[in-house]
Amino acid sequence: MGIADQFKDKAQELADQAKQKSGQGKDEAKDRSSESRDRKPDTSGMKDRAQDATDRARERFDR
């Protein structure tokens, strides 16, 4: 095997490793995304409170 073949083999090996790491990074990003979605607090109660406060302020100033 010549030196050129060794370089080609090594380049192919590094390219394969890069593809694997790239795929792993995408999987990890998807996992983090789904985890953050699961941890997201329920904001519907907060929206209701904000709407109530807005309604009260309108009633107060519409008089």
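Residues numbered from 1 in each chain as written. Predicted model: local features only at pLDDT ≥ 70, side-chain atom pairs only at ≥ 80, totals over all residues. Heavy atoms only, no water.

Undergrad: I tried to follow the overall build of the chain on my own but got confused; where do I start?
TA: The number of helices and strands found in the chain is two helices and zero strands. Every one of the 63 residues in the chain was classed for burial, and the buried ones make up 0%. Here the chain has roughly 6,100 Å² of accessible surface; of this, 49% comes from carbon and sulfur atoms. (Helix = DSSP H or I, 4+ residues; strand = E, 2+ residues; numbered from the N terminus. Buried < 20%, exposed > 50% of the residue type's maximum accessible area, 1.4 Å probe, protein only. Areas by Shrake-Rupley, 256 points an atom, 1.4 Å probe, with all protein chains shown as cover.)

Undergrad: Would you mind showing me how to read the pattern of salt bridges here?
TA: Between side chains of opposite charge, a pair can form when the charged atoms approach closely. Enumeration over the complete set of coordinates arrives at one salt bridge. Residue Glu 13 pairs with Lys 10 through a salt bridge whose shortest N-O separation is 3.8 Å. One end of the pair, Glu 13, and the other, Lys 10, are both in helix H1 (residues 3-39), three residues apart, so they sit about a helical turn from each other. (Salt bridge = Lys/Arg side-chain N within 4 Å of Asp/Glu carboxyl O.)

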